[in-house]
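Residue-level structure breakdown
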Amino acid sequence: MEPVTFVLFGATGDLAKRKIYPALFNLFIDKKLPPSFSVIGLGRRELSDETFQANVAQSLTQFSRRQADEAAKQEFISAFGYNILNIDRKDDYLKLLDRIEQREKDQLLPPNRMFYLSVGPEFFATIAANIEESGLGSAKGWKRLVIEKPFGHDLQSARDLNESLSQAFTEQEIFRIDHYLGKPMVQKLSVLRQNNPVLDALWTSRYISNVQITANETVGVEERAGYYDHVGAVRDMFQNHMLQLLMMLAIQLPKNSTPEGVREQKKRVVEALVPLKKQEVGLSVVRGQYTEGTIQGKPVVSYTSEPNIAPTSMNDTFIAAKLQLDAAFWREVPFYIRTGKRLKEKTTRIVVEFKEPLKQQPSAQDDLKQPNLLVFEISPNEGISLQLNTRDPQHKGELKPIQIDFHANSQEQPEAYENLIFDALQGDPTFFAHWDEVELSWQWVEPILQAFQENLLPLHHYPAGSYGPAESDELLASSGHHWWFDV
Ligand code: BG6
């Protein structure tokens, strides 16, 4: 891996402390950082290098999944420096350029620069323009821009943002983080199919009945009312994380697994999504909002009683949808997607339900038979299970479903940010969202946004601690399906 200067905007923020520093540190422990490595943290506050380093050390103690001895920690921390930067002040960018060039000279670093924007999306365009204007981005080495969702608020604003960024960075230089793409099991979905013909052979509508993608959360709106009440579950989770999971599951394996090959196939999945008509959104989408209830034994208030949420808010804290793909392999296979806050348990999983075996003579045991289910547990636990039917020796040879289970050791799993930062440092864009995917996702979601905005479909309430509104069950029941594992 080539030596690099990692330039972090938002270095005193929460994401940096909780995720970015621990991720870099774990990569360092695994010797996955380049041999020469420099980090410049940027923030609005005046801080000395020493205080900044002490803050980074503190965040490692608090949030890193692994610790190391003091000498190793010191070696890691010594790569960190800090500059004050006001995002609008052009002079600050010039000072930053001086500092970076000086460090590159002192440490014999080539001028490769990775700009990581851990700041609100409203600052992306200004920062990118200033990087360009100040000359920070015009050194002889490579430059990369790492940003994190939200990429826009709707199709038009996403296009505007992309237009501004592309004045300063090419598509190949932009790494859009969707942290769900960094989750180890998500990264394994294609690997499992590629290397297990027994799975890939079944990856068609001939054998698959339906696919269920669930991302349930127990948390509520927390301290993010100002943000969340304007985005809702549809923008916060569905347009990005959930559609990315769909792409990763439904993708046709590319002939060569180059990043371009993978992204081209992902794009084909979103392109194949059957568009919804605004007036008919209510037929395949359920929107919900939590009311008061109990989560893991603790009473919690309704969404509209949360601090800083208007009592009349119609924001969606839950969305379930039935999607269809107009693609040969997936014809007539519904993809059910749901995500929401204040649900019974924290789980992200994908269930692939297989069709009934080719029917022979109806048998008395048909009722005992369960469909084959292939389950990918994504988080908080990582695992795979397969449900099969076998004979139950204790009940006169009746059929009995069994599960073949694999559970990964969660301590050994890298965090999503470790995987993603490592890939970005290497310049591998496979697990980053390409602009085409982002644009097509917004385009597909647009009628839902409009239908919500114009209240063309009801807002169903569900008690906190449940699996969402009953209408989400009905969405599947109308096709003879039900959500698995809601118990
Ligand atoms: C974020 C959303 O992108 O993902 C949050 O903004 C959500 O609202 C979070 O809680 C969920 O991530 P994870 O990794 O905990 O499933």
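Parameters at a glance
- Residues numbered from 1 in each chain as written.
- Predicted model: local features only at pLDDT ≥ 70, side-chain atom pairs only at ≥ 80, totals over all residues.
- Heavy atoms only, no water.
- UniProt positions renumbered as here; feature names shortened; annotations may be inferred.
- Salt bridge = Lys/Arg side-chain N within 4 Å of Asp/Glu carboxyl O.
- Helix = DSSP H or I, 4+ residues; strand = E, 2+ residues; numbered from the N terminus.
- Buried < 20%, exposed > 50% of the residue type's maximum accessible area, 1.4 Å probe, protein only.
- Contact = heavy atoms within 4.5 Å.
- Pairing = 2+ DSSP bridges.
- Near = heavy atom within 4 Å.
- Polar contact = N/O pair within 3.5 Å; in protein donor to acceptor, adjacent residues only side chain to side chain.
- Areas by Shrake-Rupley, 256 points an atom, 1.4 Å probe, with all protein chains shown as cover.
- pLDDT = per-residue confidence, 0-100.
- Domains from an automatic or database assignment.
- Buried area = accessible area lost by both parts, 1.4 Å probe.

The chain is annotated in an unreviewed UniProt entry as Glucose-6-phosphate 1-dehydrogenase from Paenibacillus thalictri. Under the UniProt heading Sequence similarities (unreviewed entry), the note attached to the chain is "Belongs to the glucose-6-phosphate dehydrogenase family."

1. Some remarks on the pattern of salt bridges
Under the defined criterion, the tally for this structure stands at 26 salt bridges. With a closest N to O distance of 3.4 Å, Asp-236 and Lys-149 form a salt bridge. In this pair, Asp-236 sits in helix H9 (residues 225–250) while Lys-149 sits in the loop between strand S5 (143–148) and helix H6 (155–168), placing the two residues 87 residues apart along the sequence. Side by side, Asp-236 and Lys-149 carry an identical accessibility label, which is buried. If you follow the salt bridges from partner to partner, you end up with Lys-149, Glu-217, Arg-224, Asp-236, Lys-341 and Lys-346 in one network.

2. What to know about unusual backbone geometry
A cis amide bond, omega 5°, links Lys-149 with the succeeding residue Pro-150. Within the secondary structure, Pro-150 is located in the loop between S5 and H6. Positive phi values are uncommon outside glycine, yet Glu-332 reaches one of about 65°. Assignment of secondary structure puts Glu-332 in the loop between strand S11 (318–323) and strand S12 (335–340).

3. Describing the UniProt feature "active site" (unreviewed entry) in the chain
UniProt records the feature "active site" (unreviewed entry) at His-241, using the numbering of this structure. Among the structural elements, His-241 can be located in helix H9. If near-sequence neighbours (up to four positions away) are discounted, His-241 is found in contact with Lys-149, Asp-178, His-179, Tyr-180 and Asp-236.

4. Re the UniProt feature "binding site: NADP(+)" (unreviewed entry) in the chain
In the UniProt entry, the feature "binding site: NADP(+)" (unreviewed entry) is given for Gly-10, Ala-11, Thr-12, Gly-13, Asp-14, Leu-15, Ala-16, Lys-17, Arg-44 and Lys-149. Tracing the backbone through its elements, the reader meets Ala-11 in the loop between strand S1 (4–9) and helix H1 (14–29). Owing to a relative accessible area of 3%, Ala-11 belongs among the buried residues under this scheme. Ignoring any residue separated from it by four or fewer positions in sequence, one finds Ala-11 in contact with Ala-16, Tyr-21, Gly-41, Leu-42 and Phe-52. As for its position among the elements, Thr-12 is in the loop between S1 and H1. Excluding its chain neighbours within four sequence positions, the residues that come into contact with Thr-12 are Lys-17, Arg-45, Leu-47 and Tyr-82.

5. Some thoughts on the pairing of S1
With 6 of 6 residues buried, S1 is to be regarded as a mostly interior element. Burial along S1 is two-sided: the face carrying Val-4, Phe-6 and Leu-8 and the face carrying Thr-5, Val-7 and Phe-9 are both buried. Note: S1 against strand S2 (residues 37–43), 6 bridges, orientation parallel. If you follow Leu-8 over to S2, its bridge partner there is Gly-41.

6. Describing the site of the ligand
As a matter of local geometry, the ligand sits amid Lys-149, His-179, Tyr-180, Lys-183, Glu-217, Arg-224, Asp-236, Met-237, His-241, Lys-341 and Lys-346. Here an oxygen atom of the ligand sits 2.7 Å away from a polar atom, N or O, in the side chain of Lys-149. Interatomic distance of 2.7 Å between a side-chain N/O atom of His-241 and an oxygen atom of the ligand. For the ligand, whose free accessible area comes to 400 Å², the fraction covered by protein is 78%.

7. A short note on the confidence of the model for the chain
Across the chain, the average pLDDT comes to 95, with 98% of residues at or above 70. Predicted complex, confidence summary: ipTM 0.99, pTM 0.96.

8. Points about the domain arrangement of the chain
Looking at the assigned domains, one finds that the chain contains domain 1 (4–148) and domain 2 (181–416 + 425–478). Each of domain 1 and domain 2 was reduced to a C-alpha centroid, and the two centroids are 35 Å apart. Each side of the interface is counted separately: domain 1 has 9 residues, and domain 2 has 8 residues. Where domain 1 abuts domain 2, roughly 630 Å² becomes buried across the two surfaces, and 57% of that area is made up of carbon and sulfur atoms. Lys-19 is the partner of Glu-415 in a salt bridge, and the nearest nitrogen-oxygen pair spans 3.4 Å. Counting the contacts that link domain 1 with domain 2 gives 2 residue pairs in polar contact (both at pLDDT 80 or more).

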